[in-house]
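Breakdown of the fold
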Amino acid sequence: MNLHSMIIDRGWTLFLDRDGVINRRIENGYVRTPEEFEFLPGVKEALKILNPFFGRILVVSNQQGVGKGLMTEAELTRIHDKMLEEISYHGGRIDQIYFCPDREDEWSLYRKPGPGMALRARKDYPGIVFKKSIVAGDSLVDMLFGKRLGMFSVLIGPDNHLALRYPKCVDVHSPDLLAFATTFFSGNNKKF
């Protein structure tokens, strides 16, 4: 896939990781309450910019804190409700949130880098074409998830060490979601 020849339209899907892309990741821990959920700088503005370009904007997130019994699915839903409300208030949108509560040691098909959440999303949204999808995440797991399905992969984070170490897994590196949105989608620019 050539970066400069891609034209993004409403037939495209954006898959976003949550922790480390939308909100601040808690090192060696989990966001367990709405009060612990903290948006990363510029995320709400980025989602407003990205909103008109994609037919579907979906979150795909491993949430093994549920599987470990550190929070319930109801508590996770409260966190996501707060997140969605804030994003919508600022002119952005997320159409659906998919999460996998399974622990890493359970080897679940739904846990990234497994394709389960994307396959479930395609069942819910039959218009999804993985070759016309972008995944934005902050880890190798996110990049592998996207590449296994033929997606374009965007590494989000302050450094590009993963991009240098795994060049076949990362198509673009961006320091944060806002930089990605403004670089490739500001104004009427629909072209990578």
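About the thresholds
- Residues numbered from 1 in each chain as written.
- Predicted model: local features only at pLDDT ≥ 70, side-chain atom pairs only at ≥ 80, totals over all residues.
- Heavy atoms only, no water.
- Salt bridge = Lys/Arg side-chain N within 4 Å of Asp/Glu carboxyl O.
- Buried < 20%, exposed > 50% of the residue type's maximum accessible area, 1.4 Å probe, protein only.
- Helix = DSSP H or I, 4+ residues; strand = E, 2+ residues; numbered from the N terminus.

Time to look at the pattern of salt bridges. Applying the stated criterion across every chain yields a total of ten salt bridges. Residue Asp19 pairs with Arg18 through a salt bridge whose shortest N-O separation is 2.8 Å. Exposure remark for Arg18: the relative accessible area of 0% places this residue in the buried category. Close ionic contact of Lys44 with Glu86 constitutes a salt bridge, the shortest N to O distance being 3.0 Å. Residue Lys44 is located in helix H1 (residues 43-50), and its partner Glu86 is located in helix H3 (residues 73-89); the two are separated by 42 residues in the primary sequence. Looking at Lys44, the relative accessible area reads 24%, which means it is partly exposed. Salt bridges here are not isolated pairs; linked through shared partners, they connect Asp17, Lys112 and Asp142.

Here we come to the environment of Ile94. Summarising the element assignment, Ile94 is placed in the loop between H3 and strand E3 (96-100). Considered as a pair, Ile94 and Leu16 are 78 residues apart in the sequence and their alpha carbons are 9.3 Å apart.

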